[in-house]
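Here is how the chains run, residue by residue.
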Amino acid sequence: MGPPKAQKQRYMLQPKATSFRMYYERGDLPIKMEYLTGGDKIAWTVDIDKLDYGLYLPLFFDGLSETRHPYKTYARQGVQDLLAHGGDKIYPVIPQLIIPIKNALNTRNVEVMCVTLKIIQQLVMSSDLIGPALVPFYRQLLPMFNAYKVKNINSGDAIDYGQKNNMNV
C-alpha cells in the first residue's frame, strides 16, 4: 500500500509592514490610546479639522490591512473619525485611497475585508461627490469582490454568527 500521502501545507503570507505602522512606531501620528471602561478609543492630540487629509487619510487607510492589535485599532478608529469629520476635504484625496483599499481587499482575510467594506460604505456616505468619484476606479476594486461573490457558508442547521456581527462577506 505504501506510506500515506502528505497533506498540502498552507503557507500564510507574512503581512508586510505598512507605512501606517512605520509612522506609528516613529511617533509621527497625532493619536494616543484612551483606555475607557466601555472599550478602548483613540484620542487625537491635534484637532481633526486642522489635519492635512492629503497626508493622514491615505496613511490611516493603509493601516486597514493590519491585523495586529494596536495598529488595527488605531487605523480603523482613525479612519472612522477622519471620515466623520472630513466633509469636503475627503474628495480631493480619493485617488490616493484606491491602492490602500485594494491592498486591504487583497489580503483575503475575512475580518479585514469586512471592515474595509464597512469603511467604503462610510466613505461613500460622507459626501455626495465621493460615489461618482469612485466610478473610474471600479476596475481596480471589483476583481476582489468577484472572487467572493459565490462564497456562501453552508452551515446546514447551524447558525452562522458572522451575519449578526456583519463579518460575512
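Located above this text is the structure these notes cover.
Keep in mind the model is a prediction, meaning the values are calculated, not measured. (Residues numbered from 1 in each chain as written. Predicted model: local features only at pLDDT ≥ 70, side-chain atom pairs only at ≥ 80, totals over all residues. Heavy atoms only, no water.)

1. Observations concerning the environment of Ser126
Counting through the fold element by element, Ser126 comes out in the loop between helix H5 (110–125) and helix H6 (130–134). Owing to a relative accessible area of 22%, Ser126 belongs among the partly exposed residues under this scheme. Residues Ser126 and Gly86, spaced 40 residues apart in sequence, show a C-alpha to C-alpha distance of 7.6 Å. The contacts of Ser126, once residues within four sequence positions are left out, are Leu83 and Ile90. (Helix = DSSP H or I, 4+ residues; strand = E, 2+ residues; numbered from the N terminus. Buried < 20%, exposed > 50% of the residue type's maximum accessible area, 1.4 Å probe, protein only. Contact = heavy atoms within 4.5 Å.)

2. With respect to the nonpolar core
Formed by 42 residues in total, the largest nonpolar core has its most connected members in Leu57, Phe60, Phe61, Ile94 and Leu123. Residue assignment for this core shows that the elements contributing at least two residues are strand E1 (31–36), strand E2 (39–44), helix H2 (53–62), helix H3 (69–86), helix H4 (94–105), H5, H6 and helix H7 (138–148). Sequence-distant contacts of Ile94, defined by excluding residues within four places in its chain, comprise Leu123, Ile130, Ala133, Leu134 and Phe137. (Core = buried A, V, L, I, M, F, W, Y, C linked by side-chain atoms within 4.5 Å.)

3. Focus: a nonpolar patch on the surface
Together, Val135, Tyr138 and Leu142 give the surface a local cluster of nonpolar side chains, amounting to about 270 Å² of exposed area. As for its placement among the helices and strands, Val135 is situated in the loop between H6 and H7. Since its relative accessible area comes to 45%, Val135 is described here as partly exposed. (Patch = residues over 30% accessible without salt bridge, like charges linked within 9 Å, V, L, I, M, F, W, Y side chains within 5 Å. Areas by Shrake-Rupley, 256 points an atom, 1.4 Å probe, with all protein chains shown as cover. Salt bridge = Lys/Arg side-chain N within 4 Å of Asp/Glu carboxyl O.)

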